[in-house]
Amino acid sequence: MWRAGVTVVCGLTLAFIVAPMAALVPMSFSNTSWLTLPPHGLSLRWYADFLSNRDWMGSAWTSVRVAFLATTLACALGTPAGMALARARFPGKDLLYAVTLAPMVVPVMILAISFYFVYARAHLVGTITALALSHAVLGVPYVVINVVAVMRAFDPQMERAARSLGATGWQTFWRVTVHLIRAGIIAGALFALITSLDEVVIAIFLSGRDVVTLPKMMWDAVSQDEINPTVTAVASIQMVVVVLALGALEFFRSRRGHPRPRPAGAGAGGGAAPGAWSSAEFRGAALRLCEVTKLFGSVTAVAGVSLEVEAGEFMTLLGPSGSGKTTILNMVAGFERPTSGEVVLGDRPITRLSPDKRDIGMVFQNYALFPHMTVFDNIAFPLRIRRMPAGEIASRVEAALAMVRLEGYGARHPRQLSGGQQQRVALARALVFHPRLLLMDEPLAALDKRLRESMQIELRRLHERLGITVVFVTHDQSEAMTMSDRIAVVNHGRIEQVGTPAELYERPASAFVGSFIGESNLLDCRVLAQIGASATVETAGGSTFTIVANGARPGTALRVSIRPEAVGLAAAGAAGPGTVPAVVEDAIYLGDATKYVVRLNPDEVLIARVANRRGAPRIDVGASVRVAWEPQDVQVLPVDSAER
Amino acid sequence: MMRSPVLRGLLPTLPLLAFLLVFFLYPVGQMLSFSISPEGGGLAHYRELLTTPLYRRVMWETLQISVVVTLLCLALGYPVAYTLTMAPPRVANLLLILVVTPFWISILARSFTWMILLQRDGVVNQVLLGLHLVRAPVSLIYNQIGVYIGMVHVLLPFMILSLYGVMRGIDTSLLRAASNLGATEWQAFRRVFFPLSLPGVAAGCLMLFVVGLGFFITPALLGGGKVTTVSMLIEAYINQALDWGLAAALSLVLLVATVLVIALYSRAMNLDRLFGGGT
């Protein structure tokens, strides 16, 4: 019921909105000077009146000139200011933004008489200059608002991507930034233009006798002899011009938005892929970080990190979000400058080098493909920046597309590709200029699980084939295990441990590493007695067992870690060294194994992961059992390692 | 080699800042300070503004027109914005084009057309007579009704765009969640959609109220001398009475009222939203 009411009100309101425009056009063809609707008889006399009248045509020309000057001025001043207001941080920014927008809210009558007050003394009333300056004041807020809006929507990764591909700051601005914010500048300019063309109040005061704008002319006509039919002709022409302009804009925008896609895979059929890449073209360089520290204000993002990545190695920085791994990557790429410490690539320190001089490829988390370029142009970007001849660019891009199995996709735009395809384009773009190091910032995070797993294998094969050095950032431990030669576990801005996947899993150096890579049972305990190479310990909850430990003095506090799969369950009767009585609290069937939660004592529980073998008995919840493990499966950790 | 980041950030804004200082803040400041300068008459004008009933009447009328027009726009615009939000994208785009058609022609031409449509033997009166809704032609123009019609027509698209901007951001799955939890369509609207649309209502109302306070063209043309707004009074003092001091004093009052409303609002809301932020 109420919905019907809403629809009726909506319809009537829309009719009300459209009514004057719908009435204006037929009235402009009236052949009487007494306007009615529908008109008595049709004629073009009011159009002829407008087009043949010197005053009307002169005022139209004046309006165009004023609007053009005012718009140009507003854009020239507003665009850089809008970009700075959206990006940079400086004191008084909010105040400056408020001042910029103020002309929108100050009543236009106040502006008009203020301009009149000042320009009259300067004898500028009745000049194009005065009108254009005043209209520019009105237009500036529109330009700034629109530029700020596109700048905020615009991903700064795009600029970083351009820098990492070798573009200087200036090249980045002209080839990327300007294209991506063009829509905002055009929209702002259009608003400023329309505002100036439609402005009456200021024109009433500043027109004087000589510089009469079209709206001022219409105002005189309407306010002096109430009904002047020429006004309807002028307004109708205005309307047609505006509609045509908007239509043309929309037409070009839609054409640019949907370039005819080439049939997929065209050109890929038959024949060998043009010159597939080989390791001969890549010379991976070693990377060394020495005591690198990064402070953001008083926050320590990275605290004295040292790391050596060998040439051709696949190194993963693994850590939870906010651990500082992306900051480390950004310092290697050159987007952040270390507060202290040194970054060395090959044998050359690059700490203070700008990103475009580093020759480091980077794949960004959201790919940062330039939306205003085709796939081909995206991949060719670093080559064009390096002023390579067109023929070589074409063959290199083809080879890069072949490498990521996207032959024939060169003419498409990034938005016409799936996530996985975009990912591969980003990879081709980062490798096409044969960088000495490839950085990847969570590049697979946006893909679904199956695609992610197949990309992991593809990336690893590619790395093996090309022999390039890779630094890969992820928070996914299984991804890190799958792909890496070595893993650096990052936590709280520090590297906790560096090692192969097996080393990290089997011998975690800290409780954090133990629990971040796989599952771990952590127990706090105290040494009771040392016998040969083993020691008997008692947990805080009172359970005792044996560990491998040399020279542990009785009374020493220890923290131990035991992997769930190292914990075995036996029937309650079986006693022996290293067995602890416990009660099964929960059993979770996982297919290949069953996970048991067992309670040792009121304070301590363990997780045991028992492989499911055919015919093996299931243990019921509530059953009394003994848990057992081999002493060498117990990893002793430093006590304070979990406290950070 | 590298300048300080503050300077690098500030530098691109300096030309605009200089421009606004010279061609915006300076003229407005000059004009306003004239109202209290000795040659402009000192504080005498403000005494006059406070004591003469005419000024109080005009200010009151300006305020009243702005409030009524804002509320009318809200009442008419909310259903339109709601329909736009709920319509399939194609229909919504079509309706949106209708909403912005007034931007295609100048505010003068619109007022002018209303003058013709609303006159004694104009189309509107003929329809009203034809439907036997009225016995004799009604005065729809050169009075307050005419000003309301004209101003609502000018400001309505801004209200609709402001409401639509916020409504479009409301997650429609919230309404499905509400109906899944047992709410009727009306209850879902009343308890979920409407509260979430309030930021748009607030932003739209503020914008319209502020802009409405400064209106000049529409009331001057459609009011037929029976309606006077502060802006019209200012214009009259300058072009007819040549009394700059009084005009400047009136301007200051109008400006202070405008800034006060915006300041009150910005305490409660993010100002970005007022200016449409994203579009």
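Residues numbered from 1 in each chain as written. Chains lettered and ligands numbered in written order. Predicted model: local features only at pLDDT ≥ 70, side-chain atom pairs only at ≥ 80, totals over all residues.

A. Quick peek at unusual backbone geometry. With a phi angle near 50°, A:H492 is a residue other than glycine that sits in the positive phi range. Along the polypeptide, A:H492 turns up in the loop between β9 (486–491) and β10 (494–499). Phi is positive for B:L242, close to 55°, though the residue is something other than glycine. Relative to the assigned elements, B:L242 resides in the loop between α12 (230–239) and α13 (244–268). (Helix = DSSP H or I, 4+ residues; strand = E, 2+ residues; numbered from the N terminus.)

B. Layout of the environment of A:E503. Residues and elements named next belong to chain A. Looking at the secondary structure, you find E503 in helix α18 (residues 501–506). Residue E503 is classed as partly exposed on the basis of its 14 C-beta neighbours within 10 Å. Taking the C-alpha atoms as reference, E503 lies 78 Å from A19; in sequence the two are 484 residues apart. (Buried ≥ 20, exposed ≤ 12 C-beta atoms within 10 Å, placed from the backbone.)

C. Just the packing of helix α4 (residues 53–86) of chain B against helix α8 (residues 144–168) of chain B, in detail. Residues and elements named next belong to chain B. In the contact formed by α4 and α8, the axes pass within 7 Å of each other and the chain directions differ by 45°. Our classification of the angle between α4 and α8 gives oblique. For the crossing formed where α4 meets α8, the hand is right-handed. Across the contact of α4 with α8, the residue classes break down as 23 nonpolar, 2 polar and 1 charged. (Axes fitted to C-alpha atoms, helices over the stretch in contact; angles between N-to-C directions. Parallel < 35°, antiparallel > 145°, perpendicular 65-115°, else oblique. Left-handed = near helix turned anticlockwise from the far one by under 90°. Nonpolar A, V, L, I, M, F, W, Y, C, P; charged D, E, K, R; others polar.)

D. Quick look at the sheet that holds strand β20 (residues 634–637) of chain A. All names here are of chain A. Read across the sheet, 5 strands follow the order β13-β12-β11-β14-β20 without closing on themselves; strand pairing throughout is antiparallel. In the strand order of this sheet, the two ends are held by β13 (544–548) and β20, each with one partner. Between one strand axis and the next, the sheet turns by 45° as a mean value, whatever way the strands run. In terms of strand pairing, strand β11 (residues 521–531) meets strand β14 (residues 557–562) through 6 bridges, oriented antiparallel. (Pairing = 2+ DSSP bridges.)

E. Expanded view of the sheet that holds strand β16 (residues 579–589) of chain A. Residue and element names in this part refer to chain A. Judged by pairing direction, the sheet is antiparallel, and its 5 strands sit side by side in the order β15-β19-β16-β17-β18 without closing on themselves. The open sheet has two edge strands, β15 (568–571) and β18 (604–611), and neither has a second partner. The sheet shows a mean angle of 45° between the axes of neighbouring strands, direction not considered. Strand direction decides the pairing type here: β16 and strand β17 (residues 593–601), joined by 6 bridges, are antiparallel. Note that in β17 the partner of Y589 across the bridge is T594.

F. Layout of the domain arrangement of chain A. For chain A, the assigned domains read domain 1 (53–226), domain 2 (279–506) and domain 3 (519–642). Centre-to-centre separation of domain 1 of chain A and domain 3 of chain A, based on C-alpha positions: 74 Å. (Domains from an automatic or database assignment.)

G. Examining the pairing of β18(A) more closely. All names here are of chain A. When β17 meets β18, the two strands line up antiparallel, connected through 8 bridges. Bridging across to β18, R599 finds its partner in V605. Between β17 and β18, which pair antiparallel and follow one another directly, the connecting turn spans 2 residues.

H. Representation of the interface of chain A and chain B. The partner chain B presents 65 residues to the 65 residues of chain A that form the contact. Elements with a contribution of two residues or more to the side of chain A that touches chain B: α1 (2–28), α3 (54–87), α4 (93–105), α5 (108–121), α6 (128–153), α10 (214–224) and α11 (230–257) of chain A. The class makeup of the residues in the side of chain A that touches chain B is 56 nonpolar, 7 polar and 2 charged. (Contact = placed C-beta atoms within 7 Å.)

I. Focus on the confidence of the model for chain B. Here chain B shows a mean pLDDT of 87. Residues at 70 or above account for 94%. Across residues 273–279 of chain B, confidence stays below pLDDT 50; counting only partners more than four residues off in sequence or on other chains, it has 14 contacts. (pLDDT = per-residue confidence, 0-100.)

J. Focus on the confidence of the model for chain A. Looking at chain A, pLDDT values average 86 and 93% of them are 70 or higher. Ignoring residues within four places in sequence, the model shows residues 257–275 of chain A, a span with pLDDT below 50, making 20 contacts including any to other chains.

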